[in-house]
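Descriptive analysis of the structure
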Amino acid sequence: PLIAHRDIITSAEFHPDGRWVSTASYDKSARVWDVTTGEPVTQPLQHRGKVYSAKFSTYGHWLATASYDKTARVWDVTTGEPVTQPLQHGGAVYSAQFSKNGRWIVTASHDKTARVWDVTTGEPVTQPLQHGGPVYSAQFSKDGRWIVTASEDKTARIWNAATGEPVTPPMKHK
């Protein structure tokens, strides 16, 4: 089945049980599609700017989207409705990833920070995880204790997910 957007598709991922696929696009939307029919499961999940990524939560109930509009959003996969208010940054948001237990989400932004958010309240869990340049990637460890970030400042950093404190010195590429 053909799965299409009106512009470049930047991300595609299978739902944890394999029945759906999420896509993100420069057309300012993310979509959830039925794998067998190629039909959309919900209406388009709209942002005000390009959408860079769309990632399912571990159990597949929610979808996190990251956008040029300086926000990440958390959506209910079955209804297409937002779960929280937009998770606001000071620059484009390049990635949004859930913790394994689904309680938190980590976002990476052009504003030189990664942020950890409570999925149900939309409130920050820690102080911003600060870099010297835009942060392109942020991801939880499998056990959810740590976060690794990657930045244009030529460093990767390890952070304590609960406190936002650095765990190691910056890992610098030269």
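To keep things clear, this report deals only with the structure shown in the data block. Keep in mind that this is a model prediction, so the values were computed, not measured. (Residues numbered from 1 in each chain as written. Predicted model: local features only at pLDDT ≥ 70, side-chain atom pairs only at ≥ 80, totals over all residues. Heavy atoms only, no water.)

**A few points about the pattern of salt bridges**
Per the counting criterion, the structure on display carries 2 salt bridges. For Lys55, the salt bridge identified is with Glu13, shortest N-O distance 3.5 Å. Taken together, the residues span a long stretch of sequence, with Lys55 in strand S5 (residues 51-56) and Glu13 in strand S1 (residues 9-14) at a distance of 42 residues. Using a relative accessible area of 23% as the deciding quantity, one classes Lys55 as partly exposed. (Salt bridge = Lys/Arg side-chain N within 4 Å of Asp/Glu carboxyl O. Helix = DSSP H or I, 4+ residues; strand = E, 2+ residues; numbered from the N terminus. Buried < 20%, exposed > 50% of the residue type's maximum accessible area, 1.4 Å probe, protein only.)

**Overview of the side chain of His131**
One can find His131 in the loop between strand S12 (129-130) and strand S13 (135-140). At 2.6 Å, the side chain of His131 forms a polar contact with the side chain of Thr149. (Polar contact = N/O pair within 3.5 Å; in protein donor to acceptor, adjacent residues only side chain to side chain.)

**Focus on the sheet that holds strand S10 (residues 104-109)**
The 4 strands lie next to each other as S9-S10-S11-S12, forming an open sheet whose pairing is antiparallel. Unpaired on one side and paired on the other, strand S9 (93-98) and S12 mark the two borders of the sheet. (Pairing = 2+ DSSP bridges.)

**A word on the sheet that holds S5**
With antiparallel pairing, the 4 strands of this open sheet are ordered in space as S5-S6-S7-S8. Two strands in the sheet have a free side with no partner beyond their single neighbour: S5 and strand S8 (87-88). Strand direction decides the pairing type here: strand S6 (residues 62-67) and strand S7 (residues 71-76), joined by 5 bridges, are antiparallel. Bridge pairing links Thr65 to Arg73 in S7.

**Concerning the side chain of Asp27**
Topologically, Asp27 is positioned in the loop between strand S2 (20-25) and strand S3 (29-34). Salt bridges are absent for the buried Asp27, whose nearest opposite-charge side chain, Arg6, sits at 4.3 Å. A distance of 2.7 Å separates a polar atom in the side chain of Asp27 from a polar atom in the side chain of Ser29. Excluding anything up to four places from it in sequence, Asp27 contacts His5, Arg6 and Asp7. (Lys, Arg positive; Asp, Glu negative; His and termini not counted. Contact = heavy atoms within 4.5 Å.)

**Notes on the nonpolar core**
Trp104, Val106, Ala108, Ala114, Val116, Leu129, Val135, Ala138, Phe140, Ile147, Trp159 and Ala161 together form the largest nonpolar core, which totals 12 residues. Setting aside chain neighbours within four positions, we find Val135 in contact with Tyr94, Ala108, Ser109, His110, Lys112, Thr113, Ala114, Thr149, Ala150 and Ser151. (Core = buried A, V, L, I, M, F, W, Y, C linked by side-chain atoms within 4.5 Å.)

**So, the pairing of strand S14 (residues 146-151)**
Only one face of S14 is buried, namely the one carrying Ile147, Thr149 and Ser151, since none of Trp146, Val148 and Ala150 on the opposite face is buried. Of the pairings in the sheet, the one linking S13 to S14 comprises 5 bridges and is antiparallel in character. What sits directly across from Gln139, in S14, is Val148. Where S13 folds back on S14, the antiparallel hairpin that results is connected by 5 residues, among which Gly144 adopts a positive phi of roughly 80°. In terms of strand pairing, S14 meets strand S15 (residues 155-160) through 5 bridges, oriented antiparallel. Across the sheet, residue Ala150 finds its bridge partner in S15, namely Ala156. In textbook terms, the turn of a hairpin is the stretch between consecutive antiparallel strands, and for S14 and S15 this stretch comprises 3 residues, one of which, Lys154, has a positive phi near 70°.

**Comments concerning the environment of Ser137**
Mapped onto the elements of the fold, Ser137 is located in strand S13. Residue classification places Ser137 among the partly exposed positions, given a relative accessible area of 33%. Sequence spacing of Ser137 and Glu39 is 98 residues, and the spatial spacing of their C-alpha atoms is 30 Å. Setting aside residues no more than four positions away along its own chain, Ser137 makes contact with Ser95, Ala108, Val148, Thr149 and Ala150.

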